Amino acid sequence: MEPRAARMRKREGQRGEQEDPPSGKGNTETHRGPDLVQWTRQMEAVKTQLLEQAQGQLMELLDRAMWEAVQSYPPQGRPLPSVPPDSSSKTREPSLGKQKVFIIRKSLLDELMEVQHFRTIYHMFIAGLCVFIINTLAIDFIDEGRLMLESDLLIFSFGQLPLALMTWVPMFLSTLLAPYQALRLWARPQAGGAWTLGVGLGCALLAAHTAVLGVLPVHVAVDYQLPPASRCVLVFEQVRLLMKSYSFLREAVPGIFCARGGRGIRAPSFSSYLYFLFCPTLIYRETYPRTPSVRWNYVAKNFAQALGCVLYACFILGRLCVPVFANMSQEPFSTRALVLSIMHATLPGIFMLLLIFFAFLHCWLNAFAEMLRFGDRMFYQDWWNSTSFSNYYRTWNVVVHDWLYSYIYQDGLRLLGGRARGVAMLGVFLVSAVVHEYIFCFVLGFFYPVMLMLFLVFGVLLNFTMHDRHTGPAWNVLMWTMLFLGQGIQVSLYCQEWYAQRHCPLAQTTFWGLMTPRSWSCHT
């Protein structure tokens, strides 16, 4: 199947041929009348339009054929969807029973980077990083007479990283051994008390596994006062391993218990579970489509780009955020100062959003996918073209959306009935809001329910008001405007609270003191 970017290049070439005819033809056109030249160009345009329409219909037929071929291998013995997806599936809420289908496909940015225009936008971001570096060198040279890059923020953020990596080892071993051994205990063909004992031991293993993942990273982060980036490693791995454990058990346990009814017991292989723990998806399958080989230069390129995004983020925080918010808590509070700080934080906030997207959802996940020859690289879709927040939520992070849709939304509909779509959707928002708020609380070391409010209040309202029936450029502009403001609110409020926590420490640690934002009362 021809990649999207290749089709775009072919169309550009066809347009170029229409505008710039070959030199030989140009010499003869001067002797023709203007009507004949115009008629010839019009026929060329009609031909190009017909070819594009035929190519689009052929692509739809091939997509449908590929979908039907993939569906002939049902995952884990589950029922097949009754209706194949169409071209508007990304802007419509999927029906109950639709399962995640893995096929070999490239990430969208990899396809777009094959077009020169998109590569130029990427080069502009690299030029911006170079400007930040030159700016830092110039300021250091002028102010202090030395030529050195300031890396204090980077060194502080990743302090005690070896301790975080050592803490990850028992977390991973617990996830590797406990869920799989529990499943094997449940899959043993025993009867009566022996099987009941196995079920009890399996539940005890899972309880111990949950305790290790839930308590150990929190204990290490609090007792050793880990800095933000090292905390990020722990909390992201904590959430990832919990989600993968749940997916593995959710996909495998129903088959085990159905097999005990007489269809034969077959537990998943340990190698498939080990592969699942590292591959960039949160939906367990025994097999995934694999690419034929590993492109190690592609792996190195993505890791280098991820590192560049980390440096970029440090420059943005150091140059655009720290000078503004470091002393803000020492000034009297005013609505004017709050609004101005939010407006000032919109630009660094949207830069941080784009850097997180590119570094993690594209570079990091593609690097691991390439090393593991994982074929399905659709970790995101074209969220930047969204004209509704409901579509933005579905396309921004496809990896997490697939997990939420499969195990919160679909399972919620199965438990509550097919008509309780609103309740199931609110459940998705609630789980997402709580997890996001927990991650920010873990990383920053304080509770400030900004993400909770943005998800549960504004996120729900925008999801139902800016829905898929809204199309057109104006709605895309509105979506981006709301993103700018939302990022400005997050960066401004969290930065203010970060410095308020340091300028105004609690005289006595109390529950309400920990739950109340310090920036509301800290004005030294």
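Conventions and cut-offs
Residues numbered from 1 in each chain as written. Predicted model: local features only at pLDDT ≥ 70, side-chain atom pairs only at ≥ 80, totals over all residues. Heavy atoms only, no water. Helix = DSSP H or I, 4+ residues; strand = E, 2+ residues; numbered from the N terminus. Areas by Shrake-Rupley, 256 points an atom, 1.4 Å probe, with all protein chains shown as cover. Expected span 1.5 Å × (residues − 1). Buried < 20%, exposed > 50% of the residue type's maximum accessible area, 1.4 Å probe, protein only. pLDDT = per-residue confidence, 0-100. Contact = heavy atoms within 4.5 Å. Patch = residues over 30% accessible without salt bridge, like charges linked within 9 Å, V, L, I, M, F, W, Y side chains within 5 Å. Salt bridge = Lys/Arg side-chain N within 4 Å of Asp/Glu carboxyl O. UniProt positions renumbered as here; feature names shortened; annotations may be inferred. Lys, Arg positive; Asp, Glu negative; His and termini not counted. Phe/Tyr/Trp six-rings, centres within 6.5 Å; stacked < 30°, edge-to-face > 60°.

Engineer: I'd like a rundown of the overall build of the protein chain, residues and numbers included.
Structural biologist: Tallying secondary structure elements over the protein chain gives 18 helices and 0 strands in all. Of the roughly 28,400 Å² of accessible surface on the protein chain, 67% is carried by carbon and sulfur atoms.

Engineer: Kindly report on helix α15 (residues 421-444), identifying the contributing residues and their values.
Structural biologist: If you check α15, its first and last C-alpha atoms are 35 Å apart, about what 24 residues at 1.5 Å a residue would give, namely 34 Å. Looking only at α15, the buried set comprises Ala 424, Met 425, Val 428, Phe 429, Ser 432, Ala 433, Glu 437, Ile 439, Phe 442 and Val 443. In the stretch just after α15, Gly 445 is the one whose phi turns positive, near 85°.

Engineer: An account of the confidence of the model for the protein chain is requested, with residue identities and associated values reported.
Structural biologist: Taken over all residues, the pLDDT of the protein chain has a mean of 80, while the share at 70 or more is 79%. Taking the mean pLDDT of every element in the protein chain, the minimum, 46, falls on helix α2 (residues 23-29) and the maximum, 93, on helix α10 (residues 270-278). Taken as a whole, residues 71-96 scores under 50 in pLDDT and shows 41 contacts with residues more than four places along the chain or in a different chain.

Engineer: I'd love a proper account of a nonpolar patch on the surface, names of residues and values included.
Structural biologist: A cluster of nonpolar residues, Leu 430, Val 434, Met 453, Leu 456, Val 457, Phe 458 and Leu 461, forms a patch on the protein surface that exposes about 600 Å² of accessible area. Secondary structure elements with two or more residues in the nonpolar patch: α15 and α16 (450-465). Among the elements that take part in the nonpolar patch, α16 stands out by supplying 5 residues, more than any other.

Engineer: Requested: an account of the UniProt feature "transmembrane region" (unreviewed entry) in the protein chain, with residues and values cited.
Structural biologist: In the UniProt entry, the feature "transmembrane region" (unreviewed entry) is given for residues 121-142, 154-180, 192-216, 267-285, 306-326, 346-369, 446-465 and 477-494. Between the end C-alpha atoms of residues 121-142 the distance is 31 Å, and the span holds 100% helix and 0% strand. Counted over residues 306-326, helix gives 95% and strand 0%. Its end C-alpha atoms are 27 Å apart.

Engineer: Which residues make up the side chain of Lys 244, and what values do they have?
Structural biologist: One can find Lys 244 in helix α9 (residues 228-263). Buried charge without a salt bridge: Lys 244, with Glu 237 as the nearest opposite-charge side chain at an N-O distance of 9.0 Å. Ignoring sequence-local partners within four residues, the contact set of Lys 244 consists of Phe 276, Leu 277, Cys 279, Thr 281 and Leu 282.

Engineer: Any details on the packing of aromatic side chains? Residues and values, ideally.
Structural biologist: Inspection of every chain in the model, using the stated rule, returns 41 aromatic pairs. With a centroid separation of 6.0 Å and 45° between ring planes, the pair formed by Tyr 122 and Phe 358 is classed as tilted. One end of the pair, Tyr 122, is in helix α5 (residues 116-144); the other, Phe 358, is in helix α12 (residues 335-371), with 236 residues separating them in the sequence. What makes Phe 358 buried here is its relative accessible area of 13%. Relative to Phe 351, the ring of Phe 125 lies with its centre 6.2 Å away and its plane at 75°, an arrangement referred to as edge-to-face. Here Phe 351 lies in helix α12 and Phe 125 lies in helix α5, a separation of 226 residues in the sequence.

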